[in-house]
Amino acid sequence: MNRAFQPAVAHGEVDSAPFRELPPETWSDDLHRVHSLIEALVDRYAFDILREVGAGVVHPSRVSALEWLSARLAARGHGEPLWSKDELARAAADEDRLAGPTFALLDRVARAWPAYLRGERSGERVLFDREALGLWQAYFSNENLPYAVVNRLGAWAAARETDAPALRVLEVGAGCGSGTEALLDQVASRVREYWFTELSPSFLRRGQELVSRRFPGVPVVFRRTDLDLPLAEQGVPLGGFDLVYAVNTLHAVKDIRASLAELRSALVPGGVLALVEGVRSDPGRPVAIEFVFVLAPEFRGFLHWPRWRELLEESGYARVRYVPDLAAATRAIPTYAMAAILARRPE
Ligand SMILES: C[S@@+](CC[C@H](N)C(=O)[O-])C[C@H]1O[C@@H](n2cnc3c(N)ncnc32)[C@H](O)[C@@H]1O
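**Quick notes on the overall build of the protein chain**
Thinking step 1. Scanning the protein chain for helices and strands turns up 13 helices and eight strands.
Thinking step 2. In terms of overall size, the protein chain behaves like a compact globule, its C-alpha atoms giving a radius of gyration of 20 Å where 347 residues would be expected to give roughly 20 Å.
Thinking step 3. A burial count over the protein chain gives 55% of its 347 residues as buried.
Thinking step 4. When the accessible surface of the protein chain is totalled, it reaches about 15,400 Å², and 51% of it is carbon and sulfur.
Thinking step 5. Charge separation in the protein chain, taken as the distance between the mean sites of 41 positive and 46 negative side-chain charges, equals 1 Å.

Shown next as structure tokens:
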């Protein structure tokens, strides 16, 4: 049979009410098609890998990865996935212009999963060797729609939340600068000072190149900063930022509450924290893109979305809000998995 891939539910049939306030680039037919395809691809990969490897030969250190695959299949009710490998490969080729880097990363990781499960290859090698570095750079980019949408959602939500006319911004885990690019596209004209901070020196260098080239007139400080350590010790001034911004970073730190408390102390009273995070709609439903991150030694899985409110309130923030409203968004699309999360340092 030669079928053309179709999303399980057409874009026009999804309850769009929770997404109506969002800008069009974060809620579109293109995006729905690509997200549906990523879901189907990961289900196919998970099914085929489990069939190939079987439970018998899995290395003891990889049991939790095996459990991730099983949970992924369980979430969609087991059984053979609807779409064949060839049908999905054709669909991915058709969407290459929109999401080629995402498909390339998924494909590389899928090929490595069996050897990873048998303990023959390390996650570091799969994810972080030289070849993978190029894939990551292409993935964390505003040219890659599934990732660009995360940046645009965060930038839009953060820009609307902060009306300071002379903004002082601290960005943490800024990586190669794709989140910065999206935010500065919205607020560059009113930035008084922008701190671009990142842990990895090579990402920091790449980020500096991008941001200096795209926004030569914006006063940006580039600084290597580790969120697992106190900010003041690393030369980051406390108490003066109107906005602290973190795209897909906070889930990666050692102690989320401690890092959130540090970031709160960097804000002016009433200042805004804007996070963007991958989130689970249900604690037992693995997010499709976790298929890649599960191989990273430190990755613990995305949090069930309500947990972020608890963590923020426990860390001294007020007025926590999700954009879009995650309760409604995940009712409309059970696989919806991203959130801008806004909160304030109390006055
Ligand atoms: C998923 S990437 C997101 C990068 C960037 N925000 C973007 O969206 O393009 C997560 C980033 O967090 C950084 N990171 C991880 N742990 C960190 C820590 N302890 N302190 C600061 N940055 C950290 C990583 O180096 C990486 O650049």
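Alright, that's what it looks like, and here's the rest.
**Quick look at the nonpolar core**
Thinking step 1. With 96 residues, the main nonpolar core has W113, Y194, Y245 and F291 as its most contacted residues.
Thinking step 2. Ranked by residues supplied to this core, first place goes to helix α1 (residues 29–53) with twelve residues.
Thinking step 3. Both domains that furnish three or more residues to this core are identified here as domain 1 (23–139) and domain 2 (146–284 + 301–344).
Thinking step 4. Those residues in contact with F291, other than ones at most four positions away along the chain, are V42, Y45, I49, W68, L69, L106, V109, A110 and W113.
Thinking step 5. Among the nonpolar cores identified, the runner-up in size contains 30 residues, and W195, I256, A266 and L273 belong to it.

**Quick notes on the layout of surface pockets**
Thinking step 1. Put simply, the second largest pocket is a space of about 390 Å³.
Thinking step 2. Lining the second largest pocket we find 17 residues, and of these Y45, K85, D107, A110 and R111 sit closest to its centre.
Thinking step 3. At the level of secondary structure, the elements contributing two or more residues to the lining of the second largest pocket comprise α1, α3 (85–94) and α4 (96–117).
Thinking step 4. Each residue belonging to the lining of the second largest pocket can be placed in one class, and the counts come to ten nonpolar, no polar and seven charged.

**Some remarks on empty space enclosed by the protein**
Thinking step 1. Counted by the stated rule, this structure contains one cavity of 30 Å³ or more.
Thinking step 2. In this structure, the largest cavity spans a volume of roughly 30 Å³.
Thinking step 3. L133, W136, Q137, F140, C176 and F203 are the residues that line the largest cavity.
Thinking step 4. Considering every element that reaches the lining of the largest cavity, the biggest residue donor is helix α6 (residues 130–139), with three residues.
Thinking step 5. Broken down by class, the residue content of the lining of the largest cavity amounts to five nonpolar, one polar and no charged.

**A look at the site of the ligand**
Thinking step 1. Contacts to the ligand come from 18 residues, most closely from Y147, G173, S178, E198 and L227.
Thinking step 2. The contact in question runs from a nitrogen atom of the ligand to an N or O atom on the side chain of D228, over 3.4 Å.
Thinking step 3. Here the ligand, which alone exposes 590 Å², has 89% of that area covered by the protein.
Thinking step 4. Per-class residue counts for the shell around the ligand are eight nonpolar, seven polar and three charged.

**Structural notes on the packing of α1 against α4**
In a pair of packed helices, the angle between the axes and the distance between the axes together describe the arrangement.
Thinking step 1. Their axes nearest at 10 Å, the elements α1 and α4 cross at an angle of 15°. Between α1 and α4, the crossing angle belongs to the class labelled roughly parallel. As for how α1 packs across α4, the hand of that crossing is right-handed. Here α1 contributes D30, R33, V34, L37, I38, L41, V42, Y45, I49, E52 and V53 to the contact with α4, which in turn contributes L98, A99, T102, F103, L106, D107, A110, W113, P114 and L117.
Thinking step 2. In the contact of α1 with α4, the residues fall into 16 nonpolar, one polar and four charged.

**Some words on the side chain of S141**
Thinking step 1. Mapped onto the elements of the fold, S141 is located in the loop between α6 and α7 (145–161).
Thinking step 2. By relative accessible area, S141 is classed as buried at 14%.
Thinking step 3. Residue contacts for S141: discarding those within four places in its chain leaves Y147, A148 and S178.

Quick notes on the rules
- Residues numbered from 1 in each chain as written.
- Predicted model: local features only at pLDDT ≥ 70, side-chain atom pairs only at ≥ 80, totals over all residues.
- Heavy atoms only, no water.
- Helix = DSSP H or I, 4+ residues; strand = E, 2+ residues; numbered from the N terminus.
- Rg over C-alpha atoms; globule rule 2.2 N^0.38 Å.
- Buried < 20%, exposed > 50% of the residue type's maximum accessible area, 1.4 Å probe, protein only.
- Areas by Shrake-Rupley, 256 points an atom, 1.4 Å probe, with all protein chains shown as cover.
- Lys, Arg positive; Asp, Glu negative; His and termini not counted.
- Charge placed at Lys NZ, Arg CZ, Asp CG, Glu CD.
- Core = buried A, V, L, I, M, F, W, Y, C linked by side-chain atoms within 4.5 Å.
- Domains from an automatic or database assignment.
- Contact = heavy atoms within 4.5 Å.
- 1 Å grid on protein atoms, 1.4 Å probe; cavity = no way out; pocket = protein on both sides within 12 Å on 5 of 7 lines; lining within 4 Å.
- Points joined across faces, edges and corners; volume = space filled by probe spheres on them.
- Nonpolar A, V, L, I, M, F, W, Y, C, P; charged D, E, K, R; others polar.
- Near = heavy atom within 4 Å.
- Polar contact = N/O pair within 3.5 Å; in protein donor to acceptor, adjacent residues only side chain to side chain.
- Axes fitted to C-alpha atoms, helices over the stretch in contact; angles between N-to-C directions.
- Parallel < 35°, antiparallel > 145°, perpendicular 65-115°, else oblique.
- Left-handed = near helix turned anticlockwise from the far one by under 90°.

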